[in-house]
Amino acid sequence: MNVSIHPSWQSQLHSEFQQPYFDSLTRFVRDEYTSTTCYPKGNKIFAAFNHSNFEETKVVIIGQDPYHGPNQANGLCFSVKDGIRHPPSLINIYKELETDVSKPYPKSGNLEHWADQGVLLLNATLTVRAHSAGSHQNKGWEVFTDAVIRKLSAEKEGLVFLLWGGFAKKKISLIDTSKHHILTSGHPSPLSANRGLWFGNKHFSKTNELLKKIGKEPINW
């Protein structure tokens with residue numbers, strides 16, 4: 001199939017798009033979007049890749065699946081559209097930003113400005129049925145996004161992977177830890193954050209310190 005994705009990713013992932021699992025996944029997603037309400041909008045499914053092209057990606061944040069409420073998901077993990085109420089996990093991300101790098105709490109929950117600086121905001125599953133969390137899991141998306149992580153690990157050096165929560169931490173096995181930096185913590189969801197597993201991780205300042213050490217521009221969070 002022809003996937004609308006940044007050319008840098010198209011060349012890196014071309015073989016994945018030719019795999020039988022991806023053809024099956026495409027049919028499933030097409031049927032779901034035709035028969036019911038799904039998120040994000042079709043033209044935003046690969047937004048993470050289009051905002052952060054392969055060559056410029058230097059930080060990877062891994063989420064699980066998109067927000068399933070109306071007008072929330074914009075194709076970037078943890079991010080919502082402008083003007084949308086901030087979900088609990090994003091609130092805690094912003095609170096950590098405030099204490100870590102003294103960034104005032106932002107009005108918008110749209111993280112496109114992170115992605116445009118080379119932060120790949122990658123959900124393991126890129127689509128979801130409305131009001132049904134996890135409804136598009138185990139349909140092939142995880143095979144695809146695992147391949148993305150492996151490709152980044154193999155072809156690039158000095159990436160900073162931010163793995164928040166148990167699900168994301170399982171992706172360590174896909175990453176060459178001799179070439180890349182991995183920062184782990186609890187998930188920013190209230191359940192984890194309120195148990196002391198999120199706040200104080202200082203991942204935003206630590207990421208910028210690591211980037212500066214290898215001569216890369218820090219992220220303006």
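Heads up: the structure comes first, above all this text.
Our subject in this report is the structure included herewith. (Residues numbered from 1 in each chain as written. Predicted model: local features only at pLDDT ≥ 70, side-chain atom pairs only at ≥ 80, totals over all residues. Heavy atoms only, no water.)

Some details on helix α4 (residues 88-101)
Argument step 1. Compared with the 20 Å implied by 1.5 Å per residue over 14 residues, the 20 Å span of α4 between its first and last C-alpha is a close match.
Argument step 2. Taken together, the buried positions of α4 are S89, L90, N92, I93, Y94, E96, L97 and D100.
Argument step 3. In this structure, the buried side of α4 is in contact with α5 (112-115), β5 (160-164), α8 (190-193) and α9 (203-213). (Helix = DSSP H or I, 4+ residues; strand = E, 2+ residues; numbered from the N terminus. Expected span 1.5 Å × (residues − 1). Buried < 20%, exposed > 50% of the residue type's maximum accessible area, 1.4 Å probe, protein only. Contact = heavy atoms within 4.5 Å.)

Description of the nonpolar core
Argument step 1. Among the nonpolar cores identified, the biggest contains 59 residues, and F46, F49, I61, W114 and F144 are the most heavily contacted of them.
Argument step 2. Leave out the neighbours within four places in its chain, and F49 touches I5, H6, W9, L13, L120, L122, L126, F144 and V148. (Core = buried A, V, L, I, M, F, W, Y, C linked by side-chain atoms within 4.5 Å.)

Here's the deal with the pairing of strand β2 (residues 59-63)
Argument step 1. With five of five residues buried, β2 is to be regarded as a mostly interior element.
Argument step 2. What you see with β2 is no split at all: V59, I61 and G63 on one side and V60 and I62 on the other are buried throughout.
Argument step 3. Relative to β5, β2 is paired through three bridges, and the arrangement is parallel. Each residue of the ladder has a partner; that of I61, found in β5, is L162. (Pairing = 2+ DSSP bridges.)

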